[in-house]
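Given next are the chains, with one letter for each unit.
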Amino acid sequence: MDWPIAEVARMSGVTARTLRHYDEIGLLPPARIGAGGHRRYGEHQLLRLQQILVLRALGVGLPEIGRILSEQVDEVEALRGHHRRLLAERDRLDALAGTVSRTIGELEQSRKDGTSMTAINRPENLFEGVRPAQYEESLRDFPEHAEAVARRVTAMTPEDIEAGQRERTARMVRLAELMAAGLPANAGPVRAETDLQYRALAELRTVSVEEYRAFGRSCVDNEQWRAAYESIAPGLAAYQRDAIEAYAASMPS
């Protein structure tokens, strides 16, 4: 029995675009190509996809996943290894849940007192329990960009990674301040901030206008991204989306 790519996408939660990308890089070839050139996947491919997604959830980059899968011999032993990693990930998530809980408490207290939120004054608090690879995982709808991020992270020191995390948060805070000041998403200062964001993306690889628009929509549509923005300020995710759309509208096509 085999399944078409659309059904595999529905079952797994992975987009058809990502499945095609996995095929193109040799990570997950389909069992066969059906009529009209449509990819079809068998049980072996579904098991392999499960392992890919488990490793992705653990923050492993695509090149490393390919190496792991090519070297493994016994599927049961491989799953035992994944299980051990998942247990470790559970402990990490407990720490992350504590971070989010503190952020919620501080947000509630700051609204009650009318004071600044402590976690924003110390942006690194937002990232306690967060690993850089999670940003790559959140890019699952942008597989080419996720690979570029993975390559960059591999060459970075822990200090570089921490600095990058803080800078990402600082950009979000600066945007939240512009929003709080009542500036529209197409205002000059907002455009200048968005330009810095775009240039940071473009340092990794060329990003087209339409792809940048898709990044903007993901600020709202991607649950992880939206949660990160909303933890800074309610409404920030939509404000970022609108700022990117306004910026993209003025970019050369």
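Residues numbered from 1 in each chain as written. Predicted model: local features only at pLDDT ≥ 70, side-chain atom pairs only at ≥ 80, totals over all residues. Heavy atoms only, no water.

*Asks:* I'm lost on the packing of aromatic side chains in this one. Help?
*Replies:* Think of a pair of aromatic rings as described by two things: how far the centres are apart, and how the planes are tilted against each other in angle. Overall, the coordinates contain six aromatic pairs when judged by the stated rule. Aromatic ring contacts, followed pair by pair, group Phe 142, Phe 215 and Trp 225 into a single cluster. (Phe/Tyr/Trp six-rings, centres within 6.5 Å; stacked < 30°, edge-to-face > 60°.)

*Asks:* In this structure, what is going on with helix H10 (residues 188-202)? I would like to understand it.
*Replies:* Residue pairs spaced three or four apart in an α-helix point in one direction, given the helix's 3.6 residues per turn. Taking 1.5 Å of rise per residue, the 15 residues of H10 would be expected to cover 21 Å, and the 21 Å separating its terminal C-alpha atoms lies within 8% of that figure. Along H10, the residues classified as buried are Val 190, Glu 193, Thr 194, Asp 195, Gln 197, Tyr 198 and Leu 201. (Helix = DSSP H or I, 4+ residues; strand = E, 2+ residues; numbered from the N terminus. Expected span 1.5 Å × (residues − 1). Buried < 20%, exposed > 50% of the residue type's maximum accessible area, 1.4 Å probe, protein only.)

*Asks:* Please explain the pattern of salt bridges as it appears in this structure.
*Replies:* For side chains of opposite charge, pairing can occur when their charged atoms come near one another. Tallied over the full model, the rule gives 11 salt bridges. When the shortest N-O distance is used, the salt bridge between Asp 23 and Arg 39 registers 2.7 Å. Note that Asp 23 is positioned in helix H2 (residues 16-24) and Arg 39 in strand S3 (residues 39-41), a separation of 16 residues in sequence. Note on Asp 23: relative accessible area 19%, which makes it buried. On the basis of relative accessibility, which here comes to 18%, the residue Arg 39 falls in the buried class. Note that Arg 213 is salt-bridged to Glu 210, the shortest N-O span being 2.9 Å. Taken together, the residues span about one helical turn, with Arg 213 and Glu 210 both in helix H11 (residues 209-221) at a distance of three residues. A cluster of three or more residues bridged by salt bridges with shared partners is formed by Asp 2, Arg 32 and Arg 40. (Salt bridge = Lys/Arg side-chain N within 4 Å of Asp/Glu carboxyl O.)

*Asks:* It is not clear to me how the side chain of Gln 197 should be interpreted in this structure. Could you clarify?
*Replies:* Structurally, the position occupied by Gln 197 is in helix H10. Apart from residues no more than four positions distant in its own chain, Gln 197 is found in contact with Arg 171, Leu 175, Tyr 212 and Gln 240. (Contact = heavy atoms within 4.5 Å.)

*Asks:* How do you make sense of the nonpolar core when you look at a structure like this?
*Replies:* The nonpolar side chains of a soluble globular protein tend to be buried, and buried together. With 32 residues, the main nonpolar core has Tyr 212, Phe 215 and Leu 236 as its most contacted residues. Those elements that place two or more of their residues in this core are helix H8 (143-154), helix H9 (158-180), H10, H11, helix H12 (223-232) and helix H13 (236-249). No other element matches H13, which puts seven residues into this core. With residues up to four places along the chain from it excluded, the contact list for Leu 236 reads Met 172, Leu 175, Ala 176, Met 179, Tyr 229 and Glu 230. (Core = buried A, V, L, I, M, F, W, Y, C linked by side-chain atoms within 4.5 Å.)

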